[in-house]
Amino acid sequence: MGKRDNRVAYMNPIAMARWRGPSQSAGPTIQDYLNRPRPTWEEVKKQLENKKKGSKALAEFEEKMNENWKKELEKSREKLLSGNESLYKKRERKKKKKKKSCRSSSSSSSSTDSSSSSPDSEDEKKKEGKKRKKKKNHSCKSSESSPCDSESESKESVKKKKKSKDETEKEKCLRSLSKKRKKTCPEDKPLSLESSSESDYEEEMQAKKKRRCEEQEKATEKAKKKKKKQHKKHSKKKKKKSGSSHKSG
């Protein structure tokens, strides 16, 4: 039995559409849209005129409303201005009264003091001028000496701190010495605390200084010894390397 022939002939879609003819669609075609009824130029002009008339009526209505609003605003402004003017007038009257009272009081006081204060006023002016000159000179000097003063103040503060530390150390040493003495000799009579404590403090300070110097000397000697040992080891290694190189050669 042979195979069935399932092949189908190729049909050109454009040719099939032409063969079927024009399709009957329900909606309007492009030709119908192009052939639609259109207004003439005169009809267009009439429509534009009608639109303008409508806009004119709107503009007239808006103008009337604006005029009414303007009138109302003017009325309210007049009311506010009248109230503000009354307040302003009252304030001006009060100020004028105060000025008049001040002038009258100053004129009466000046008339009484003018005869007595005429020579004194000149002396006071001279004194004020001298004081101003002194203040200016003092301000210039202070501006020049401000960095020096700051340096001196810093040095003084450092010195004060050192003194306070030394005093605290002295007090601690004195207290420790007094406690030791009480423990060692409680039956003996107490001597003058100030002289004995000061001498003991000086002795302790000298002993501390000697200990520090000895420790520093020991540390330097140890460092020197270490350096010598390292140098010897390094030299020995070099000698060994040189000997091995000669042997290999």
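All values derive from a computational prediction rather than experimental measurement.

J.: Is there a simple way to explain the overall build of the protein in this structure?
T.: Across its full length, the protein carries four helices and zero strands. When the helices and strands of the protein are placed in sequence order, the string is α-α-α-α. In the protein, buried positions account for 2% of the 249 residues. Summing over all exposed atoms, the protein offers an accessible surface of approximately 25900 Å²; the carbon and sulfur share of this is 54%.

J.: Even after reading the chapter, I still don't get the pattern of salt bridges, so can you show me in this structure?
T.: A side chain of one charge can pair with a side chain of the opposite charge when the charged atoms of the two come close. Applying the stated criterion across every chain, the model contains one salt bridge. In this structure, Arg7 engages Asp5 in a salt bridge whose closest nitrogen and oxygen atoms are separated by 2.9 Å. With respect to burial, Arg7 and Asp5 carry one shared label: exposed.

J.: How do you make sense of a negative patch on the surface when you look at a structure like this?
T.: On the surface, Glu60, Glu62, Glu63 and Glu67 cluster together into a patch of negative charge. By the secondary structure assignment, Glu60 is in helix α3 (residues 41-184).

J.: Is there a simple way to explain a nonpolar patch on the surface in this structure?
T.: On the surface, a nonpolar cluster with roughly 450 Å² of combined accessible area is contributed by Leu58, Phe61, Met65 and Trp69. Tracing the backbone through its elements, the reader meets Leu58 in helix α3.

J.: Looking at this structure, I do not really get helix α1 (residues 13-20). What am I missing?
T.: What sets the pattern is the α-helix's 3.6 residues per turn: residues three or four places apart point alike. Here α1 lies mainly on the outside; zero of its eight residues are buried. Of the residues flanking the end of α1, it is Gly21, one or two places downstream, whose phi is positive at about 95 degrees.

J.: How should the confidence of the model for the protein be read in this particular structure?
T.: Predicted coordinates in areas of low pLDDT are best not read in detail. Summarising the model, the protein shows a mean pLDDT of 76, and 76% of its residues fall at 70 or more. Here α3 stands out as the element of the protein with the lowest mean pLDDT, 75, in contrast to α1, whose mean of 90 is the highest. Of the regions scoring below 50 in pLDDT, residues 186-193 engages in one contact with residues more than four places distant in sequence or in other chains.

Parameters at a glance
- Residues numbered from 1 in each chain as written.
- Predicted model: local features only at pLDDT ≥ 70, side-chain atom pairs only at ≥ 80, totals over all residues.
- Heavy atoms only, no water.
- Helix = DSSP H or I, 4+ residues; strand = E, 2+ residues; numbered from the N terminus.
- Buried < 20%, exposed > 50% of the residue type's maximum accessible area, 1.4 Å probe, protein only.
- Areas by Shrake-Rupley, 256 points an atom, 1.4 Å probe, with all protein chains shown as cover.
- Salt bridge = Lys/Arg side-chain N within 4 Å of Asp/Glu carboxyl O.
- Patch = residues over 30% accessible without salt bridge, like charges linked within 9 Å, V, L, I, M, F, W, Y side chains within 5 Å.
- Lys, Arg positive; Asp, Glu negative; His and termini not counted.
- Charge placed at Lys NZ, Arg CZ, Asp CG, Glu CD.
- pLDDT = per-residue confidence, 0-100.
- Contact = heavy atoms within 4.5 Å.

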